[in-house]
Amino acid sequence: MEQPLDEAARLLRGAGSLAILTGAGVSAESGVPTFRDAQTGFWARFDPETLASPRGFDADPGLVWRWYMERLRGVERAEPNPGHRAIARLEARFGEEFLLITQNVDDLHERAGSRRVVHLHGSIARYLCRRCGAPHVLTPTDREAPHPPPCAACGDLVRPGVVWFGEMLPVEALQRADAWVRAADVTLVAGTSGAVYPAADLPYAALGASRSVIDVNPERGPISAAATVHLQGRSGEALPQLLARLEAPA
Ligand code: BV8
Ligand code: ZN
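Our subject in this report is the structure included herewith. (Residues numbered from 1 in each chain as written. Chains lettered and ligands numbered in written order. Predicted model: local features only at pLDDT ≥ 70, side-chain atom pairs only at ≥ 80, totals over all residues. Heavy atoms only, no water.)

1. Side note on the coordination of the zinc ion (ligand 2)
Tetrahedral coordination by four donors places them ideally at 109.5 degrees to one another around the metal; octahedral coordination by six donors ideally gives 90 or 180 degrees. Those donors, C129 (SG), C132 (SG), C151 (SG) and C154 (SG), are the protein atoms that reach the zinc ion (ligand 2), and they lie 2.3 Å from it. Every donor counted, the four donor atoms about the zinc ion (ligand 2) form angles of 100 to 121° at the centre, which fits tetrahedral coordination. Here the donor residues of the zinc ion (ligand 2) share one chain and are spaced in sequence as C-x2-C-x18-C-x2-C. The class for C132 is partly exposed, based on a relative accessible area of 43%. (Donors = N, O, S within 2.8 Å, 3.2 Å for Na, K, Ca; no water. Tetrahedral: all angles 85-135°; square planar, octahedral: opposite > 155°, others 65-115°. Buried < 20%, exposed > 50% of the residue type's maximum accessible area, 1.4 Å probe, protein only.)

2. Here we look at the sheet that holds strand 5 (residues 135-136)
Strand order in the open sheet formed by three strands is 5-4-6, with antiparallel pairing between adjacent strands. Of all the strands in the sheet, just strand 5 and strand 6 (158-162) have a single pairing partner and so form its edges. Where strand 4 (residues 122-129) meets strand 5, two bridges bridge the pair, whose relative direction is antiparallel. Residue pairing across strands places L128 opposite P135, the latter belonging to strand 5. (Pairing = 2+ DSSP bridges. Helix = DSSP H or I, 4+ residues; strand = E, 2+ residues; numbered from the N terminus.)

3. Description of the packing of aromatic side chains
Here the structure, examined in full by the defined rule, presents six aromatic pairs. Aromatic pair Y68 and W164: ring centres 6.3 Å apart, planes at 50°, arrangement tilted. With Y68 in helix 5 (residues 61-77) and W164 in the loop between strand 6 and helix 9 (171-183), the pair connects residues that are 96 residues apart, well separated along the chain. Exposure remark for Y68: the relative accessible area of 3% places this residue in the buried category. Through a chain of ring-to-ring contacts, the aromatic side chains of F35, F57, W67, Y68, W164 and F165 assemble into a single cluster. Over the ring of W67 we find R71; its NZ or CZ atom is 4.5 Å from the centre of that ring. Stacked on the ring of W164, the Lys or Arg R159 has its end atom at 3.9 Å from the ring centre. (Phe/Tyr/Trp six-rings, centres within 6.5 Å; stacked < 30°, edge-to-face > 60°. Lys NZ or Arg CZ within 6 Å of the ring centre and 35° of its normal.)

4. Considering the packing of helix 6 (residues 82-94) against helix 12 (residues 235-247)
For any two helices packed against each other, one specifies the inter-axial angle together with the distance between the axes. Contact geometry for helix 6 and helix 12: axes closest at 7 Å, N-to-C directions at 30°. Helix-helix and strand crossings are classified by hand; for helix 6 and helix 12 the assignment is left-handed. Each of P82, G83, A86, I87, R89, L90 and R93 in helix 6 lies in contact with helix 12, whose residues at this interface are S235, G236, L239, P240, L243, L246 and E247. (Axes fitted to C-alpha atoms, helices over the stretch in contact; angles between N-to-C directions. Left-handed = near helix turned anticlockwise from the far one by under 90°. Contact = heavy atoms within 4.5 Å.)

5. Overview of the site of ligand 1
Within the structure, ligand 1 sits among 34 residues, and R36, Y68, G166, S193 and Y197 are positioned closest to it. In the environment of ligand 1, an oxygen atom lies 2.6 Å from a nitrogen or oxygen atom belonging to the side chain of S193. In isolation ligand 1 offers 1500 Å² of accessible surface; the protein chains occlude 74% of this area. Sorting the residues of the shell around ligand 1 by element identifies helix 2 (25-28) and helix 5 as the ones contributing at least two each. (Near = heavy atom within 4 Å. Polar contact = N/O pair within 3.5 Å; in protein donor to acceptor, adjacent residues only side chain to side chain. Areas by Shrake-Rupley, 256 points an atom, 1.4 Å probe, with all protein chains shown as cover.)

Encoded structure:
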């Protein structure tokens, strides 16, 4: 019986093109809390799906603003982990025949060297006006403020440039991701619970197009069960091991 790591390495060795889909789990070993982990401290009392929504922001802009400023500080203090770096090395190996699709709003993939990256849910480093969409550059005062700053153009509230629950994903990004997972020989899924749609549809679109799916996750979830191979482990360990197996002489 072929070990999952050997099977995953064989699939990648035979692949001409690769799509990777990541979720919060790949940033967990960098110290960035995932969505489903119990929110630490003050945030334990709030449901992230309420805070990360237009309704939550309208109900209490100050609370949501402070939540994002605290998360932004955490992301800026974090460093990419060996999982992020292994993904950047896979991009170098596949060149143009590669796309990284991430649900994460942090910039750890880019800081690890990933270049061909699509953010399905936006970026926590981007801010804009809730009403007129004018971009806003965060000031040190904004970061310490108890509530969002006013838009310089229209005076309405500035919000984070992320996709909230109940909001549409950027159409071009989602279409590109969908096309890639249907066309790439292999889709490697890492660090996602597959709980949030439409991103969670992507691995199934790959399987529906008779492509191989490798799932990297310490837990067995719905995607692990449907995947061609499930590498049970943390991405910071499993991805470097997979790369080493791939680069070892066959
Ligand atoms: C939309 C940005 C509609 C914000 C995020 C019922 C059925 C189907 C859909 C819905 C439904 N009810 C509501 C919906 C829609 C909703 C949805 O899917 N809800 C879920 C909860 C059911 N989706 C939406 O609202 C989307 N929009 O549908 O619009 C529409 C249609 C027409 C017109 C207008 C509107 C928008 C979804 C985007 C929400 N924004 N993020 C922010 O970050 O503040 S989602 C956010 O949560 C993340 O970006 C991510 O996508 C998701 C969390 O998922 P994961 O990344 O997987 O993280 P999670 O914590 O869940 O899991 C971590 C995993 O890592 C675990 O599996 C764990 O085992 C693993 N792990 C842990 N450690 C490691 C590890 N893996 C590897 N290594 C480790 N070390
Ligand atoms: Zn405005």
